[in-house]
Amino acid sequence: MINLNTTCPNTWCIGCGNFAILGAIKAVLQSLADEGLPLENIVLVSGIGCHAKIVDYINVNSFYSLHGRVVPVAEAIKLSRSNVKVIGFSGDGDSYGEGMEHLIFAAKRNIDITMIIHNNRVYGLTTGQYTPTSPLGFKGRSTPFGTKELPINPLEVMLASGATFLARGTSHGLELLKKIFKEAILHKGFSLIDVLQVCVTFDNLYEYYDKRVYELQDHKPWERQEALTKIREWNYNNDGRIPLGVLYRTEAPTFDEECKMGNKIFDRDSKIREYLQRSCL
Ligand code: SF4
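Analysis parameters
Residues numbered from 1 in each chain as written. Predicted model: local features only at pLDDT ≥ 70, side-chain atom pairs only at ≥ 80, totals over all residues. Heavy atoms only, no water. Near = heavy atom within 4 Å. Nonpolar A, V, L, I, M, F, W, Y, C, P; charged D, E, K, R; others polar. Core = buried A, V, L, I, M, F, W, Y, C linked by side-chain atoms within 4.5 Å. Buried < 20%, exposed > 50% of the residue type's maximum accessible area, 1.4 Å probe, protein only. Helix = DSSP H or I, 4+ residues; strand = E, 2+ residues; numbered from the N terminus. Pairing = 2+ DSSP bridges. Right-handed = clockwise from strand over helix to strand, strands pointing away. Expected span 1.5 Å × (residues − 1). Contact = heavy atoms within 4.5 Å.

Notes on the site of the ligand
As a matter of local geometry, the ligand sits amid Trp12, Cys13, Cys16, Asn18, Cys50, Asn120, Gly124, Gln197, Cys199, Val200, Thr201 and Phe202. Within the shell around the ligand, the residues separate by chemical class into seven nonpolar, five polar and no charged.

This is the structure in structure tokens:
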């Protein structure tokens with residue numbers, strides 16, 4: 001049994017959905033280690049927001065990045081160390097707001113990283129402003145009279161961008177989270193899990209989700225049209241049922257493999273030597 005705990009005091013609110021994500025990822029890391037994956041070959045990256053503290057609570061190599069910049073940091077780590085598994089943690093404000101362009105390009109490239117989005121549909125750390133996935137009419141610190149815009153469906157954006165693994169879980173479905181986290185980490189290519197993580201302090205949606213979520217059965221995640229239909233079943237605003245599980249999965253060449261084959265990025269040392277020799281002549 002590996003000790004994944006740290007001595008860092010946990011500052012999340014009692015009842016926060018982040019605890020479930022922490023519990024699930026620790027269980028998955030433990031099981032990967034039991035199966036022979038050295039944990040020094042895993043790097044965690046987080047952004048800015050309540051979610052970001054997760055890396056303080058797991059005894060694995062990690063990098064705290066800037067707001068909206070989890071993806072470029074994760075991509076850089078993967079490109080420089082192809083044997084490392086990189087898991088990015090980000091919030092809905094962090095990645096669907098400021099960092100959305102990075103997500104789109106990571107999906108388009110199919111770079112082999114996993115993104116776990118703590119989607120609580122509110123900026124919790126800054127005390128309750130609306131985010132790209134807040135429902136129409138959401139009343140928060142920055143919108144006391146309610147928002148005037150519809151939320152985006154991030155999974156639909158990711159599917160259109162070329163992501164090869166898409167899943168959804170909730171922070172009160174621990175067993176499903178463990179299953180989809182592990183599948184996503186072992187997937188070769190860009191994987192994203194949208195976790196409907198409840199923020200008990202600024203947008204307590206436990207009851208709302210309890211009434212609507214269901215786990216996918218007999219779903220064929222390799223069929224794109226079927227995946228799209230399931231992804232559109234709930235648009236983050238309507239009162240439709242909310243499907244959970246692996247929504248889409250396919251195989252495609254990864255960006256890191258393509259770079260390695262071209263041998264342009266990774267042959268840095270010989271290029272430097274060649275340049276130094278030329279400049280000494
Ligand atoms: Fe969790 Fe919300 Fe508290 Fe942040 S503010 S720790 S998201 S409950």
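Topic: the nonpolar core
Counting 77 residues, the largest nonpolar core has Ile25, Phe181, Phe190 and Leu192 as the members making the most contacts within it. The biggest single contributor to this core is helix α1 (residues 18–34), with nine residues.

Points about the pairing of strand β5 (residues 165–170)
Most of β5 sits inside the fold, with six of its six residues counted as buried. The side-chain alternation of β5 yields two buried faces, one formed by Phe165, Ala167 and Gly169 and the other by Leu166, Arg168 and Thr170. Here β5 runs beside strand β6 (residues 191–196); their pairing, made up of six bridges, is parallel. Pairing of Gly169 across the sheet is with Val195, part of β6. With helix α6 (residues 174–186) bridging β5 and its parallel neighbour β6, the resulting β-α-β unit is right-handed.

Details of α1
An ideal rise of 1.5 Å per residue puts 24 Å on 17 residues; α1 measures up with 24 Å between its terminal C-alpha atoms. Counted residue by residue, α1 has twelve buried out of 17 residues, so it is predominantly covered. Every buried residue belonging to α1 is among Asn18, Ala20, Ile21, Leu22, Ala24, Ile25, Lys26, Val28, Leu29, Gln30, Leu32 and Ala33, and all of these are buried. Turning to α1, the residues buried within the fold contact β1 (42–46), β3 (85–91), β4 (114–119), α6 and β6. Backbone geometry just after α1 places Gly36 at a positive phi near 105 degrees.

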